[in-house]
Amino acid sequence: PPLAAEPAPRSLLTDVPRLVASYYALRPDPTDRAQRVSFGTSGHRGTSVARSFNEDHIAAICQAVADHRASRGVTGPLFLGADTHALSEPALLTAVEVLAANGVRVVVSGAAAAPRGASTWRSHRAGTLPDLLPVPTPVVSHAVVTHNGGRRGDPAREGRADGIVITPSHNPPEDGGFKYNPPHGGPADTDETSAIQEAANRHLEEGLKGVKRMPAQRAFQDGAVELWDLVTPYVEDLAAVVDLERVAAAGVKVGVDPLGGAALPYLAPLAERYGLDLEVISDAVDPAFGFMRVDHDGKIRMDCSSPYAMAGLVAAKEAYDVAFGNDPDADRHGIVTRAGGLMNPNHYLCVAAHYLFAHRPGWPAAAGVGKTVVTSALLDRVAAAAGRAVTEVPVGF
């Protein structure tokens, strides 16, 4: 296809100022179905210029979330993260204003609290609002699970936690996205998202009269929002699931391209903590994602499973033993090898599952495979051969 795998021309780049201005200036029409809140498999998504992801949407959703968590007895902290899409930070500030006004204890990733290497990612910004770091989706899940009965959590003392991730995942630069994670740490099920969606649309229909807000600056200054180091706990806990010291000892040369996303602040602390021979191939952060290669359909899309979007990393494959790319919220990865280029993710999952079931004698017999509807049926066959059950979970798991 024309432009596929080529560097993005300027004609394709999103007009970021217009995008952000539209977020604040345009009001959705709740009688238009395309402009209402709609939670799909991974939350509400849209774009401000089409009046499908605007300040009113986020204010309405956050009021609905505040009421929903209160009705479920969720009184602990809410871990609030966002990726590097242009609409993510405006939406985060709107969320802070509404959640804080509702008495929710909001936790964000503060650059000042983060370790060396992460905190320098965005230290140029000055003003009355603190520097914040982007937060990957898995980090929000980890923070919620750790608090709610993890190795360091004490929900009996502090109440159960939940989370929000503001991201449209790998979607184009003009998109925004908003996901709610209940206390189990994963994506909310359809019962919860339906209730939140219905309540949010009711707030839109009522002109937001039932939405509480306070200025973001006051929320930060008054301590309603807490700045935590979310980088170190996640990096430290990786040792519980992956033997990264063995990777370091093997001398594996690793290349990583975060594709301008939320993984970037985590890479230097990760390499330093475990002594990895890890090179960040690109540290570019650009809300227009102008450094990307064009995807198969002529759009800019940070899809690390696409050989077109990942063409730049594939071209550098000879420099590394193995290389990885992440989407902007770092819940997807693409693996590049010298021999095969970009691996098929479903092939990798099947091989990984086969290996783990054969080499983890300490795992309980009931341990099985969790997969989504878009995962290869080949994984079902691998599980069957290993005598393991398969459970289908929501997309976003």
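Below: a short report on this structure.

Quick notes on the rules
- Residues numbered from 1 in each chain as written.
- Predicted model: local features only at pLDDT ≥ 70, side-chain atom pairs only at ≥ 80, totals over all residues.
- Heavy atoms only, no water.
- Helix = DSSP H or I, 4+ residues; strand = E, 2+ residues; numbered from the N terminus.
- Buried < 20%, exposed > 50% of the residue type's maximum accessible area, 1.4 Å probe, protein only.
- Contact = heavy atoms within 4.5 Å.
- Areas by Shrake-Rupley, 256 points an atom, 1.4 Å probe, with all protein chains shown as cover.
- Lys, Arg positive; Asp, Glu negative; His and termini not counted.
- Charge placed at Lys NZ, Arg CZ, Asp CG, Glu CD.
- Core = buried A, V, L, I, M, F, W, Y, C linked by side-chain atoms within 4.5 Å.
- Phe/Tyr/Trp six-rings, centres within 6.5 Å; stacked < 30°, edge-to-face > 60°.
- Pairing = 2+ DSSP bridges.
- Axes fitted to C-alpha atoms, helices over the stretch in contact; angles between N-to-C directions.
- Salt bridge = Lys/Arg side-chain N within 4 Å of Asp/Glu carboxyl O.
- Patch = residues over 30% accessible without salt bridge, like charges linked within 9 Å, V, L, I, M, F, W, Y side chains within 5 Å.

**Some words on the overall build of the chain**
- A tally of helices and strands in the chain yields 13 helices and 14 strands.
- Projected onto its principal axes, the C-alpha coordinates of the chain cover approximately 60 × 55 × 40 Å.
- The buried share among the 397 residues of the chain stands at 50%.
- For the chain, the proportion of contacts with a sequence separation of at least 24, taken over those separated by at least 6, is 70%.
- For the chain, the accessible surface area stands at approximately 17800 Å², while carbon and sulfur atoms represent 53% of it.
- Computing the positive centroid from 36 side-chain charges and the negative centroid from 45, the chain places the two 2 Å apart.

**Re the nonpolar core**
- Judged by nonpolar contacts, the single largest core of 48 residues is most densely connected at L80, L99, I164 and I166.
- With sequence-adjacent residues up to four places away left out, L80 is seen in contact with L92, A95, V96, V106, V107, V108, I164 and I166.
- Within the second largest apolar cluster, 29 residues are counted, among which are F79, V135, L230 and V256.

**Regarding the packing of aromatic side chains**
- Here the structure, examined in full by the defined rule, presents six aromatic pairs.
- Between Y23 and F53, the aromatic rings sit 6.5 Å apart at their centres with planes inclined by 40 degrees, giving tilted as the arrangement. Of this pair, Y23 sits in helix α1 (residues 16-25) while F53 sits in the loop between β2 (43-46) and α2 (55-71), and the two are 30 residues apart along the sequence. In this structure, Y23 and F53 share a single accessibility class: buried.
- Between F79 and W228, the aromatic rings sit 5.5 Å apart at their centres with planes inclined by 75 degrees, giving edge-to-face as the arrangement. Of this pair, F79 sits in strand β3 (residues 78-82) while W228 sits in strand β7 (residues 225-228); the two residues are 149 residues apart in sequence, bridging distant segments of the chain.
- By relative accessible area, which is 3% here, F79 ends up buried.
- According to the relative accessible area criterion, W228 is partly exposed, its value standing at 28%.
- Three or more aromatic residues link up through ring pairs in this structure, and these residues are Y23, Y24 and F53.

**Remarks on the sheet that holds strand β5 (residues 162-166)**
- Judged by pairing direction, the sheet is mixed, and its seven strands sit side by side in the order β1-β2-β6-β5-β3-β4-β7 without closing on themselves. Where the open sheet ends on each side, the last strands, each with one partner, are β1 (39-40) and β7.
- Alignment of strand β4 (residues 106-109) against β7, held across four bridges, turns out to be parallel. Residue S109 lies in a different strand from β7, and its bridge partner there is W228.
- Its contacts with the sheet place helix α3 (residues 88-101) against β3, β4, β5 and β7, and it is angled at close to 160 degrees to β3.

**As for helix α4 (residues 137-147)**
- Extensive coverage of α4 is indicated by the burial of nine of its 11 residues.
- Turning to α4, its buried residues number three or more, namely T137, V139, V140, S141, H142, A143, V144, T146 and H147.
- Downstream of α4 by a residue or two, G149 has a phi angle that is positive, lying close to 95 degrees.

**Concerning the sheet that holds strand β11 (residues 333-337)**
- Taken in spatial order, the five strands make up an open sheet running β9-β8-β10-β11-β12, and their pairing is mixed. If you trace the sheet from one side to the other, it starts and ends with β9 (277-280) and β12 (341-342), each paired once.
- Here four bridges tie strand β8 (residues 253-257) to strand β10 (residues 322-326), and the two strands are oriented parallel to one another. Bridge pairing in β10 links V256 to F324.
- Relative to the sheet, helix α10 (residues 264-274) contacts β8 and β9, its axis offset from that of β9 by approximately 155 degrees.

**Points about the pairing of β2**
- Bridge count for β1 against β2 is two bridges, and the pairing is antiparallel. Bridging from a neighbouring strand, G40 pairs with G43 of β2.
- Judged from the three bridges that link them, β2 and strand β6 (residues 176-181) form a sheet pairing that is antiparallel. By the bridge assignment, R45 is partnered in β6 with G177.

**Details of the pattern of salt bridges**
- In the structure shown here, the tally under the stated rule is 18 salt bridges.
- The partner of K253 in a salt bridge is E279, with the nearest N and O atoms 3.8 Å apart. Note that K253 is positioned in strand β8 and E279 in strand β9, a separation of 26 residues in sequence.
- With relative accessibility at 34%, the residue E279 sits in the partly exposed group.
- Linking R338 and D321 is a salt bridge whose minimum nitrogen-to-oxygen distance equals 3.4 Å. A residue pair is termed long-range when its members are at least 10 positions apart, and R338 in the loop between β11 and β12 and D321 in the loop between α11 (311-315) and β10 qualify at 17 residues.
- Residue R338 is classed as partly exposed on the basis of its relative accessible area of 37%.
- Among the residues examined, D321 registers a relative accessible area of 35% and is labelled partly exposed.

**Points about a nonpolar patch on the surface**
- Taken together, M343, Y348 and L349 make up a surface patch of nonpolar side chains, about 230 Å² in accessible area.
- Along the chain, the position of M343 falls in the loop between β12 and α12 (345-359).
- Given a relative accessible area of 32%, M343 falls into the partly exposed group.

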